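Tertiary structure, described
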Amino acid sequence: MMKRSFFRTHRGAAAAALLAAALAPPAHAQFGGMFQSLMQAPLQPAQQQAAAQAAAQGGAKPAKRWAPAAPVPPDTLAAASVFAEKMPSAELRPLFQRLYIEGERNATLNFQRIGMAALSLGDIELAEKAFDAAVTRIEMIYADNPEAQKAKSLWTAEKIKDYKGEPYERAMAHFYRGLVYAARGDFQNARALFKQADYQDTVAEAEQYAGDFGLMPFMAGWASYCDGNTGMARDFLQQAIKGDSNYSTVRVDQPVLVLFESGRSPYKYGSGKSGEILKWQSHELPVQTAKSACTSAGGSDCAVGSFVMGADLGFQATTRGGRPIDGVLNGKASFKEGAQGVATVASAVGDIGLLAAATTGNRDAAGIGMIGLFAGLVAQGMANATQAQADIREWEQLPATVWLGTGAQKSTAGTLKVALDSGGSTTEGAATRLVNTPSCQLYWGRSLAPLSLLGDAGPIEPGAHPRDPVFRREVEAAFAG
């Protein structure tokens, strides 16, 4: 690896060394020693570059910069439009069109978006299909078994990969799939998905961390209670408390559970010289705190009298097992910078070599010059071809906070009014009943509609995956057949 500033500083030394090589044989040996000494120069770490860049920005909010997207082929766009028009919900058609165009590479992310939007619209069947498709793809790599671990080690070696998400995004995909199972009254499978959500939170690409996502074991405990196993429910509650002390004030053995999601999870952006360091930045939105959930605004008939912060997605995004992380470094940036450095010095040596040959008539200098120019062209091509930007694809629908409250008395209302404190002023949200069985009720709501956030999904990337033709036939059969 090399820095351009290093070559500028040492260009004169390179010229002097090359002229000496032209006049004092053996020239090729002299050139080799000089080139090796340049290649061994000390470099400034990428983290220091990122810090310098951040200081230069003067504390301004970092921008999310997408790489240019290739145009969508007209035939693909036309086929995607036909496919999307077959969807019953006009609101969801843009998501299905995007799913078809982007193909397998972004399938997990697009299925998550469709599942979340369908759940918010009350379409449990569609949410089930979409989250099933997302979770199946995630578990191919990140399931808790030896075969998946082997696949994971092979998959993460790929430099251009299918989207699977960060640990907190994968955990939330399993969480919502668990909610859909609960909506079906299938509490055993719901518990299994909540347990898998807890596992997903511990797994990064190369490391495993202690779980601190208390929401997931709590939900596994609540599903156990609804399934008639109070002892297992209390065991899961203790796991939740171990990961998040907020749960020490919550009972798991109550029939009513209200979940309300507020705000937005932090957005991803690329920092560093080549945008190679994946970082997160919070959205500037008013902080909302859930206070109660009642049948009417300001009423006394409340299913839940108080809430706790059940999950902080900002904390989950920016930590690993509770340990803060500054960013995730993409190693391709080091290679790109090294190739650029080689290109710079080789081109400089080539120019000086040809100049020395023209001045002295020395054939060795001319040969060195030609070799330098050729090496510079090759290295520059490698540098240009290396895409070092961090992967900033994200599930932009995720909330900042999940508020959680339980109650002892089931409600007859299909929707509860959730009182929200926003900096001293009171606003109102709605939580809709998803689960209504003899043993349990679950209400779920959000402050922001998932479909309202589609504008932050980034440019549509036409698929270039070898499975895309098969994938498109599969989604047509599954959703439009």
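One structure accompanies this document, and this report is about it. (Residues numbered from 1 in each chain as written. Predicted model: local features only at pLDDT ≥ 70, side-chain atom pairs only at ≥ 80, totals over all residues. Heavy atoms only, no water.)

In this section: the packing of helix α11 (residues 215-226) against helix α12 (residues 230-243). Their axes nearest at 7 Å, the elements α11 and α12 cross at an angle of 170°. The angle between the axes of α11 and α12 places the two elements in the roughly antiparallel class. Contacts from P217, F218, A220, G221, S224 and Y225 of α11 reach α12 at T230, M232, A233, F236, L237, Q239 and A240. Across the contact of α11 with α12, the residue classes break down as 9 nonpolar, 4 polar and no charged. (Axes fitted to C-alpha atoms, helices over the stretch in contact; angles between N-to-C directions. Helix = DSSP H or I, 4+ residues; strand = E, 2+ residues; numbered from the N terminus. Parallel < 35°, antiparallel > 145°, perpendicular 65-115°, else oblique. Contact = heavy atoms within 4.5 Å. Nonpolar A, V, L, I, M, F, W, Y, C, P; charged D, E, K, R; others polar.)

On to the pairing of strand β4 (residues 289-294). Bridge count between β4 and strand β11 (residues 415-422): 5 bridges; the pairing is antiparallel. Note that in β11 the partner of C294 across the bridge is K417. With 2 bridges joining them, β4 and strand β5 (residues 302-304) adopt antiparallel strand pairing. Residue pairing for β5: A293 is matched across the bridge by V304. (Pairing = 2+ DSSP bridges.)

Once that is clear, we can look at the sheet that holds strand β12 (residues 425-436). Taken together, the 8 strands give an open sheet; going across it, the order is β5-β4-β11-β12-β13-β1-β10-β6, and neighbouring strands pair in mixed fashion. Of all strands in the sheet, those with a lone pairing partner are β5 and β6 (308-312), marking the two edges. The average undirected angle you get between the axes of adjacent strands in this sheet is 30°.

The next subject is the environment of Y163. Checked against the element boundaries, Y163 lands in the loop between α8 (146-155) and α9 (167-183). Aside from chain neighbours lying at most four places away, what touches Y163 is R105, N106, T108, L109, Q112, E169, R393, E394 and W395. One polar contact links Y163 to E169, side chain to side chain, over a distance of 3.2 Å. (Polar contact = N/O pair within 3.5 Å; in protein donor to acceptor, adjacent residues only side chain to side chain.)

Tracing the backbone shows Q288 in the loop between β3 (277-281) and β4. Classification of Q288 by relative accessible area gives buried; the value is 18%. With sequence-adjacent residues up to four places away left out, Q288 is seen in contact with S262, G263, W403, L420, D421, S422, T427 and S447. (Buried < 20%, exposed > 50% of the residue type's maximum accessible area, 1.4 Å probe, protein only.)

On to the state of the cysteines. Per the stated rule, a full pass over the model turns up 2 disulfides. One disulfide in the model links C226 with C440; its S-S distance is 2.0 Å. An S-S torsion of about -100° defines the bridge between C226 and C440 as left-handed. Of this pair, C226 sits in helix α11 while C440 sits in the loop between β12 and β13 (441-446); the two residues are 214 residues apart in sequence, bridging distant segments of the chain. Neither residue differs from the other here; C226 and C440 are each classed as buried. Across the disulfide from C294 sits C302; the S-S distance is 1.9 Å. Torsion about the S-S bond of the C294 and C302 cystine: about 75°, corresponding to right-handed handedness. C294 gets classed as buried once you look at its relative accessible area, which sits at 4%. A relative accessible area of 33% places C302 in the partly exposed class. When the bonded cysteines of the protein are counted from the start of the sequence, the pairing works out to 1-4, 2-3. (Disulfide = S-S within 2.5 Å.)

Let us look at the packing of aromatic side chains. Inspection of the entire model under this criterion finds 14 aromatic pairs. Summarising the aromatic geometry, the rings of F175 and F194 are spaced 6.0 Å apart at their centres and angled 45° between planes, so their arrangement reads as tilted. Linking F175 in helix α9 with F194 in helix α10 (residues 187-200), this pair joins segments that are 19 residues apart in sequence. Sitting over the ring of F479, K129 keeps its end group 5.7 Å from the ring centre. (Phe/Tyr/Trp six-rings, centres within 6.5 Å; stacked < 30°, edge-to-face > 60°. Lys NZ or Arg CZ within 6 Å of the ring centre and 35° of its normal.)

What follows covers the nonpolar core. Looking at soluble globular proteins, one finds that nonpolar side chains tend to be buried together. Residues Y176, F218 and M219 are the most contacted members of the largest nonpolar core, which totals 81 residues. By residue number, the principal contributor to this core is α9, which donates 10 residues. Contacts of M219, omitting those with residues within four sequence positions, involve F175, L179, F194, L257, L259 and L442. Counting 15 residues, the second largest nonpolar core, distinct from the first, contains A290, A293, V304 and V418. (Core = buried A, V, L, I, M, F, W, Y, C linked by side-chain atoms within 4.5 Å.)

Purely geometric stuff here, so don't read any function into it on its own.
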